[in-house]
Amino acid sequence: ATISEGRVSWESPSNIALVKYWGKKKDQIPENPSLSFTLNNCKTITTLSFSKKETNDAGFNFEVYLDGEVKADFKPKIQTFFERVEAYLPFLRAYTFKIETENTFPHSSGIASSASGMSALALCLMSVEKQLLSAQNLKVDENNALNAAYFNQKASFLARLGSGSACRSIEGDVIVWGATDSIEGSTDLFGIKYPYPVHDDFKQYQDTILLVDKGEKQVSSTIGHNLMHNHPYAKNRFQQAHDNMGQLKTILATGDLDGFIALVESEALTLHAMMMTSMPYFILMKPNTLEIINSIWNFRQKTGLHISFTLDAGANVHVLYPEKERQEILQFIKSELVAYCQNGHYICDQIGFGATQN
Ligand code: PMV
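Residues numbered from 1 in each chain as written. Predicted model: local features only at pLDDT ≥ 70, side-chain atom pairs only at ≥ 80, totals over all residues.

Observations concerning the sheet that holds strand E10 (residues 206-210)
Okay, so step 1: One open sheet accounts for four strands, arranged E11-E12-E10-E13; its pairing is antiparallel. Among the strands making up the open sheet, the edge pair consists of strand E11 (308-311) and strand E13 (346-350). For this sheet, the mean inter-axis angle between neighbouring strands, taken without regard to orientation, is 25°.
Okay, so step 2: The pairing of E10 with E13 spans five bridges and is antiparallel. Across the sheet, Thr-208 pairs through a bridge with Cys-348, a residue of E13.
Okay, so step 3: Packing against the sheet, helix H7 (residues 287-303) makes contact with E10, E11 and strand E12 (317-321), and its axis sits at approximately 15° to E12. (Pairing = 2+ DSSP bridges. Helix = DSSP H or I, 4+ residues; strand = E, 2+ residues; numbered from the N terminus. Axes fitted to C-alpha atoms, helices over the stretch in contact; angles between N-to-C directions. Contact = placed C-beta atoms within 7 Å.)

Written as structure tokens, this is what we have:
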């Protein structure tokens, strides 16, 4: 039997990279491996309604809603996504879709919703595929969506084609994307769960996101990744990411918090250094980004607490710290750092365990 209509819903988190993905090849293949913590509170909730087309219209048929309102400016990105994934989801042109989406974090907060949004949509499409396959009474084999491991893997594969970093948002709590020698099973095609032991000090790691600048991104990540083509430092940077993956493995296993801080902050500043040394060049930090970084360094020097920062391709600062130091560090954030945020706005988050079906 074929299914004429249905509705599926997923909520999927954002993630924060410790080793950064910056630079890609054709088909969203990363130039270097990356490793991220999945977040817990910053999520996109997406409901996908589908109904069998009655006409012979050969195009993709979909509407996108954000918080209940039609979002025409999301359409081109999803059109491109559908074009990239249709080879893997043959039902796409046979149905009409309504995509309803909302975020748990404020929009125009300057937090990219592409990782949570694209992973939620990819999971919804996998659920549709699963329903269609079930209706055909297909046997479960290794390569179909009725198989649980394959479901997540293919969801991550599809999410990657929407937005590279989105492939790291399907599962938690630590995810690796990009083939690299030190991580067994790592691949360029999808994110995998980090396969080695992680010291207790890194469980429930905290991420307080300081919203320094809520404006539109100055540089889209597509343009940003392309800046690594013919970049004078590209080769060294990609090699450094491989080396850092190997080092991080030891750091995570032994609970080396000082080693973690040095590696993660260096990765963040290297990402920005790549943007400052590309042609054209960009400075994405704001004066308050630097105020926050200096203030974190002073506080760390004074107290010996394990506070550190990382950055995405923008001015906002992710403040990272172990759960056991939460009280003192959160107190410092509230009394000193929040003053540098736009309208005093910040978000408390921590490591999470991946997407869930509603
Ligand atoms: O997924 P994209 O194409 O938006 O790239 C995101 C890149 C960074 O956020 C800057 C780093 C990362 O690894 O998440």
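A look at the domain arrangement of the chain
Okay, so step 1: Split by domain assignment, the chain resolves into domain 1 (5-197) and domain 2 (200-350).
Okay, so step 2: Using only C-alpha atoms to locate each centre, domain 1 and domain 2 end up separated by 25 Å.
Okay, so step 3: Contacts between the two partners involve 27 residues from domain 1 and, on the opposite side, 32 residues from domain 2.
Okay, so step 4: Mapped onto the side of domain 1 that touches domain 2, the elements with two or more residues apiece are strand E1 (5-19) and strand E4 (34-52). (Domains from an automatic or database assignment.)

What about the site of the ligand?
Okay, so step 1: What surrounds the ligand is a group of 13 residues, the closest being Ala-17, Tyr-21, Gly-164, Ser-165 and Ser-221.
Okay, so step 2: Considered class by class, the residues forming the shell around the ligand number five nonpolar, six polar and two charged.
Okay, so step 3: When residues of the shell around the ligand are assigned to domains, at least three map to each of domain 1 (5-197) and domain 2 (200-350). (Near = placed C-beta within 6 Å. Nonpolar A, V, L, I, M, F, W, Y, C, P; charged D, E, K, R; others polar.)

Describing the environment of Pro-232
Okay, so step 1: By secondary structure assignment, the location of Pro-232 is in the loop between helix H4 (221-226) and helix H5 (234-254).
Okay, so step 2: Taking the C-alpha atoms as reference points, Pro-232 and Ser-278, 46 residues apart in sequence, are found 7.7 Å from one another.

Looking at the nonpolar core
Okay, so step 1: In this structure, Leu-35, Ala-122, Leu-123, Leu-210 and Val-319 are the most contacted members of the largest nonpolar core, which totals 94 residues.
Okay, so step 2: The greatest single-element share of this core, amounting to eleven residues, is contributed by helix H2 (residues 114-135).
Okay, so step 3: Those residues in contact with Leu-123 that sit more than four places away from it in its chain are Trp-10, Ser-12, Ala-155, Ile-170 and Ala-355. (Core = buried A, V, L, I, M, F, W, Y, C linked by C-beta atoms within 7 Å. Buried ≥ 20, exposed ≤ 12 C-beta atoms within 10 Å, placed from the backbone.)

Description of the packing of helix H1 (residues 75-85) against helix H3 (residues 148-162)
Okay, so step 1: Where H1 meets H3, the closest approach of the two axes is 9 Å, and the angle between their N-to-C directions is 135°. The pairing of H1 with H3 is recorded here as oblique in orientation. Handedness of the H1/H3 crossing: right-handed. Packed against H1, whose contacting residues are Phe-81, Arg-84 and Val-85, the element H3 presents Leu-158, Leu-161 and Gly-162 at the interface.
Okay, so step 2: Residue composition of the contact of H1 with H3, grouped by class: four nonpolar, one polar and one charged. (Parallel < 35°, antiparallel > 145°, perpendicular 65-115°, else oblique. Left-handed = near helix turned anticlockwise from the far one by under 90°.)

A closer look at H3
Okay, so step 1: For H3, which comprises 15 residues, the first-to-last C-alpha distance of 21 Å matches the rise-based estimate of 21 Å (1.5 Å per residue) to within 8%.
Okay, so step 2: Looking only at H3, the buried set comprises Asn-152, Gln-153, Lys-154, Ala-155, Ser-156, Phe-157, Leu-158, Ala-159, Arg-160, Leu-161 and Gly-162.
Okay, so step 3: The secondary structure elements touched by the buried residues of H3 are H1 and H2. (Expected span 1.5 Å × (residues − 1).)

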